[in-house]
Every structure is written in structure tokens, then in C-alpha cells.
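Reading the structure
One-letter residues, chain by chain:
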Amino acid sequence: MTPTWQGVYPAATTQFKEDLSIDLPASQRVIDNLVKDGVHGIIAMGTCGENNSLDPAEKQTLLRAVTEVVAGRVPVVTGVSEFDTRRAVAFAKDAKKAGADGLMVLPAMVYVPTEAELIMHFRTVAEATDLPVMLYNNPPAYRVNISVNVLEALRDVKNIVAVKESAPDPRRFTDLINAFGDRYVLMAGLDDVALEGLFLGAAGWVSGLTSAFPRESIQLIEAFNAGDFDRARAIYRWFMPLLHLDAEHDLVQSIKLAEQIMGRGSERVRPPRLPLAGERRRQVTAMVERAAATRPSLRA
């Protein structure tokens, strides 16, 4: 099915066994529960899915397991996060065979490209497939900005249809809409500026903390779309201490710990990541427990 790029698309986690091999049944349960809770799409193997900790064969096996359990109920968009353009093209082609409905394409990992190299990378990957593509802009994480110039150079690539905007400056939404109108659908991509992004023109939200609190995330979006801004703000203010975790370097460990506390998954991560420990673990645990104890009432 074609992604709508609207509503809440959780950046789902990948679940691991004690020996840190992929736990496919547990990964499918995480996805199935999110879909049953009402999310509008799934992002598989993004940052929270630990894409770069998986080898190529694992990615294919996991993506097939995700599309199998989703079974067409919502769109499945997979991260394309590779070390070079050649590998990104190969994965983009394989992703379609595995049943993906769309791609979230990142800059090539490790190397910091020039704008010309960034344009070449995105164009080459997009032209290798007919799947719709969402570009992922996250300058703090990937040390490169998908500028207005880059998006202008890619305007003619028809299947590049969306941008996940994770720059911490919400002015980007207005700048992109002023520059391109409705040429690119914008998705809020940083949890603690998600509501700002929606107010400024984002059509939906690619979210990390939705994995722990999906129903609250969905009701935030529904309240906003219904024009009930007081309720949207109330949910957002309750959620904000946790949403800040999405902007930290240990977001994957924090989100997985939150999932575990809420009974939705395991905190296991692959090295070099390690589960949170010490004061940081106590801090995040207290935040999640506080949020769970004070969660807003949910409407049927």
C-alpha cells in the first residue's frame, strides 16, 4: 500500500535474544501491537531499529518478517542507511522484493558529503526503485543538512515525495514550505518539536517514544487534527520529559528501556550500544514511571 505520510509512524525497535541475534517473533509482536494500537504506518530499521547494527542478510530477513506481520494493514517504510551509494541501491531494490511500501533514505553513513555528493546519493537511490522515498534530514546526527539547494536539485525526481525533518530548529518547516509549497510532504521527525512541526505544516510524525506510549501519541495527533489544540498541548506537555530523550545520543537505549518498563519489548541492544546503567538508568526509569502514573485519560 502507498504511504499516506500522515498520522503517527513509529520508528520501531528491533528485538534481540539474549545472545543478541535477532528475535524475529518478538520483533513481530512489537510491530503487531503498534498496529493494533492504531498507528498509521511503520518505520522499520530506522535509528531505533538499529539499522547499522544489522548485516545485509539480517535486514532482508527482518524486513520480510515485518511485512508479513503487518499484512497490509498499514504502510511499511524501511530505513536505507548504508555506508555507500552502491549498498544503498542494492538494499533499495531488495526492500521492494521484501514487501516494503516506501523507503526512508539517509545520507551515506560515516562520510560527510558535499552537497553535490548528497544530491548524487539521493538521486541514484531513488532512481533505482519506483517505491516512494522520504529523505531523512538530521544534521546533528549525520553532520550534513539537506538544504533548500539540495531539495531544489532533486525536485524532478518524482518518487522523492517526503522529508522527515529532524533538525531541532522548527523554522525549517516554514522555510521548506515557502520554498517548495506542497512539492514535498513534511514529517516531524524529532519528538520534542513534533507539535511545533504539526502547527507549522508537517503532515505527520515519525516518532521514537510512540513505541512506549502509542495510544497517547495517536491521541495527540487526533486532537491536533480535530482542532482540539488545548488537548493536544496537554498531552504534549505531559509527554515532553520523555520526548526529550529522542534528541539524546542514547535515544535507542532510552526508548528500548521505556518499552521494557511498559511491557512492550526488551531493552537489549547490540554493541557498541549497551543498556543504560547507573544514574542514567535510574533517571530514565523514573521518567517513564512518572509518565505512566500520570498519563492523560484516553478517549474511546
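- Going by an unreviewed UniProt entry, the chain carries the name Dihydrodipicolinate synthase family protein and comes from Steroidobacter flavus.
- Quoted straight from UniProt, the Sequence similarities (unreviewed entry) entry for the chain says "Belongs to the DapA family."

1. Quick notes on the side chain of Arg-270
- Inspection of the secondary structure puts Arg-270 in the loop between α11 (251-261) and α12 (278-293).
- What makes Arg-270 buried here is its relative accessible area of 12%.
- Only 2.8 Å separates the side chain of Arg-270 from the backbone oxygen of Ser-53, close enough to count as a polar contact.
- When residues no more than four places from it in sequence are discounted, the contact partners of Arg-270 are Phe-16, Leu-20, Ser-21, Ile-22, Glu-50, Ser-53, Leu-54 and Glu-58.

2. A few points about the packing of aromatic side chains
- Throughout the structure, instances matching the rule amount to 10 aromatic pairs.
- An angle of 80° between the planes, with centres 5.3 Å apart, marks the rings of Phe-180 and Tyr-184 as edge-to-face. One exposure class covers both Phe-180 and Tyr-184, and it is buried.
- Geometrically, the ring pair formed by Phe-224 and Phe-229 is tilted, given 5.5 Å between the ring centres and 45° between the ring planes.
- Overall, Phe-229 belongs to the partly exposed group, its relative accessible area being 33%.
- An aromatic cluster is defined as three or more aromatic residues linked by ring pairs; in this entry it consists of Trp-205, Phe-213, Trp-238 and Phe-239.
- Its guanidinium or amino end placed over the ring of Phe-91, Lys-59 lies 5.9 Å from that ring's centre, counting from NZ or CZ.
- Lying across the ring of Tyr-136, Lys-164 places its NZ or CZ 3.8 Å from the centre.

3. Details of unusual backbone geometry
- In this structure, the amide linkage connecting Pro-271 to the following residue, Pro-272, adopts the cis form with an omega of 15°.
- Structurally, Pro-272 is set in the loop between α11 and α12.
- One non-glycine residue, Arg-143, lies in the positive phi region at around 60°.
- Tracing the backbone through its elements, the reader meets Arg-143 in the loop between α5 (139-142) and α6 (148-153).
- On the basis of relative accessibility, which here comes to 53%, the residue Arg-143 falls in the exposed class.

4. Description of the pattern of salt bridges
- Applying the stated criterion to the full structure yields 20 salt bridges.
- In this structure, Arg-268 engages Glu-18 in a salt bridge whose closest nitrogen and oxygen atoms are separated by 3.9 Å. Remark: Glu-18 occurs in the loop between β1 (7-10) and α1 (24-37) and Arg-268 occurs in the loop between α11 and α12; sequence separation between them is 250 residues.
- For Arg-268, a relative accessible area of 28% corresponds to the partly exposed category.
- Residue Glu-18 is classed as exposed on the basis of its relative accessible area of 71%.
- Each of Asp-32, Lys-36 and Arg-73 takes part in a single network of salt bridges with overlapping partners.

5. A few points about the environment of Gln-253
- Take Gln-253: it is sitting in helix α11.
- As a C-alpha pair, Gln-253 and Leu-274 span 21 residues in sequence and 7.3 Å in three-dimensional space.
- Excluding residues that lie within four positions of it along the chain, Gln-253 makes contacts with Val-269, Arg-273, Leu-274 and Leu-276.

6. Observations concerning the packing of helix α10 (residues 229-243) against α12
- In contact at an axis separation of 9 Å, α10 and α12 are set at 165° when each is read in the N-to-C sense. In terms of orientation, α10 and α12 fall into the roughly antiparallel class. Of the two possible hands of crossing, α10 and α12 adopt the one that is left-handed. Across the interface between the two elements, Trp-238, Pro-241 and Leu-242 from α10 touch Met-287, Val-288 and Ala-291 from α12.

What counts as what
- Residues numbered from 1 in each chain as written.
- Predicted model: local features only at pLDDT ≥ 70, side-chain atom pairs only at ≥ 80, totals over all residues.
- Heavy atoms only, no water.
- UniProt positions renumbered as here; feature names shortened; annotations may be inferred.
- Helix = DSSP H or I, 4+ residues; strand = E, 2+ residues; numbered from the N terminus.
- Buried < 20%, exposed > 50% of the residue type's maximum accessible area, 1.4 Å probe, protein only.
- Polar contact = N/O pair within 3.5 Å; in protein donor to acceptor, adjacent residues only side chain to side chain.
- Contact = heavy atoms within 4.5 Å.
- Phe/Tyr/Trp six-rings, centres within 6.5 Å; stacked < 30°, edge-to-face > 60°.
- Lys NZ or Arg CZ within 6 Å of the ring centre and 35° of its normal.
- Salt bridge = Lys/Arg side-chain N within 4 Å of Asp/Glu carboxyl O.
- Axes fitted to C-alpha atoms, helices over the stretch in contact; angles between N-to-C directions.
- Parallel < 35°, antiparallel > 145°, perpendicular 65-115°, else oblique.
- Left-handed = near helix turned anticlockwise from the far one by under 90°.

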